[in-house]
Amino acid sequence: AKRIKAINQSIYIIFGGPDAYPLWSGKEYVKEDMIDLIVYGEAEITFKKVLNNFSKYRKVYPIPGTIIRDNGKEIDSAFGEVVENLDELPMPALEDFPLQLYIKKCIPISFSRGCVYKCVYCPREMYPKFRWRSPENIIKEAECRLRAYPERKDFFVCDAAINANLKQIKELCDLIINKNLKISFGGFASTHPGMSYDYLLKMKKAGFNGLCYGVESGSEKILDKLGKKIKLEIIERVIKDTYSAGIDVAIDILVGLPGESDDDFKQTLDFLMRCRKFIKQVGVNYFGILP
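Attention in this report is confined to the structure presented alongside it.

**Notes on helix α5 (residues 166-179)**
One turn of the α-helix equals 3.6 residues, which is why residues spaced by three or four share an orientation.
Then, in step 1: Taking 1.5 Å as the rise per residue, α5 with 14 residues should run 20 Å; its terminal C-alpha atoms sit 20 Å apart, in good agreement.
Then, in step 2: Of the residues making up α5, those classed as buried are Leu-166, Gln-168, Ile-169, Leu-172, Cys-173 and Ile-176. For α5, the angular spread of buried residues about the axis comes to 155°, placing them on one side. Of the exposed residues in α5, those oriented more than 90 degrees away from the buried face are Lys-167 and Asn-178.
Then, in step 3: One side-chain oxygen at the N-terminal end of α5 lies 3.2 Å from the backbone nitrogen of Lys-167; it belongs to Asn-165.

Following this line, the structure appears as structure tokens:
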């Protein structure tokens, strides 16, 4: 951004993405002379308004979903509008990216936005209300990608939880199976009690080959403090059923939470030992406090 401004001061530079969220780095970024505007949250509606504003007035004004610098002060206009019907959105323009240069061969796709869970460690202010795409709309995008990139069959689902809407996933699986699509999905998921062995078998048949569960702890006390609202016995049962259905299981563990004792951590280690046969990968995240 500094180099661009050094060449041409009249170019407006806009920062966005998760890191631009106000409680992360957004309010720090906007203090920099080379940055004219921050857009945060869902950007489709906000960014269109910013561009219309700029094309009309040749400057930016405070609108919801932005942070600007005005006379040395940062003005945060709070969250902007969100897209209510996700089916109305066009597909991401992957053709604009040189996919052959990317190491990972999977294609990103999204089933939903927002999150239905209220885990206390998560910056849930970033997640507006939960919305989901219709299974038919998801299939339309998946089929388009398969035609455009026939050598790529793997999709990574960029959602807080793939299975936040069990009805949606069941209908999606039925469509994939009926169409006999050769496809593979993976991503983050919840150990929802509704994830029965039969349900998971259907997911496997439809191409869901890898799920990463946010377990976080093997201590019931810590799970309650986190607001997970799910018992350890359910978590263990879902992990075992996922493995038995032929789906690779990864889990995430969160270490160092306030109130976590050595005994709580030992319970997590005991949980990992009990379930190690069923888990392919363990991710360890350390507790930290963001700005």
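From this point on, the discussion continues.
**What about the sheet that holds strand β4 (residues 73-76)?**
Then, in step 1: In space, the four strands of this open sheet follow the order β1-β2-β3-β4, with mixed pairing throughout. Each edge of the open sheet carries a strand with a single partner, namely β1 (14-15) and β4.
Then, in step 2: Two strands pair when backbone bridges link them, and strand β2 (residues 37-39) and strand β3 (residues 66-70) are joined in this way by three bridges, in the antiparallel orientation. The partner of Leu-37 across the bridge, within β3, is Ile-68.
Then, in step 3: On top of the sheet, helix α3 (residues 43-57) reaches β1, β2 and β3; it is set at about 155° to β2, its chief contact.

**So, the state of the cysteines**
Then, in step 1: Under the defined criterion, the tally for this structure stands at zero disulfides.
Then, in step 2: In this structure Cys-122 is a free cysteine whose sulfur lies 6.5 Å from that of Cys-115, the closest cysteine sulfur available.
Then, in step 3: For Cys-122, a relative accessible area of 25% gives the class partly exposed.

**Some thoughts on the layout of surface pockets**
Then, in step 1: Size it by volume and the second largest pocket reaches roughly 320 Å³.
Then, in step 2: Looking at the lining of the second largest pocket, the elements with two or more residues in it are β9 (184-189), β10 (208-216), β11 (248-255) and β12 (281-286).
Then, in step 3: Considering each element in turn, the lining of the second largest pocket owes the most residues, five residues, to β11.
Then, in step 4: Class assignment of the residues belonging to the lining of the second largest pocket gives a composition of seven nonpolar, five polar and three charged.

What counts as what
Residues numbered from 1 in each chain as written. Predicted model: local features only at pLDDT ≥ 70, side-chain atom pairs only at ≥ 80, totals over all residues. Heavy atoms only, no water. Helix = DSSP H or I, 4+ residues; strand = E, 2+ residues; numbered from the N terminus. Expected span 1.5 Å × (residues − 1). Buried < 20%, exposed > 50% of the residue type's maximum accessible area, 1.4 Å probe, protein only. Arc of directions from axis to C-beta. Polar contact = N/O pair within 3.5 Å; in protein donor to acceptor, adjacent residues only side chain to side chain. Pairing = 2+ DSSP bridges. Contact = heavy atoms within 4.5 Å. Axes fitted to C-alpha atoms, helices over the stretch in contact; angles between N-to-C directions. Disulfide = S-S within 2.5 Å. 1 Å grid on protein atoms, 1.4 Å probe; cavity = no way out; pocket = protein on both sides within 12 Å on 5 of 7 lines; lining within 4 Å. Points joined across faces, edges and corners; volume = space filled by probe spheres on them. Nonpolar A, V, L, I, M, F, W, Y, C, P; charged D, E, K, R; others polar.

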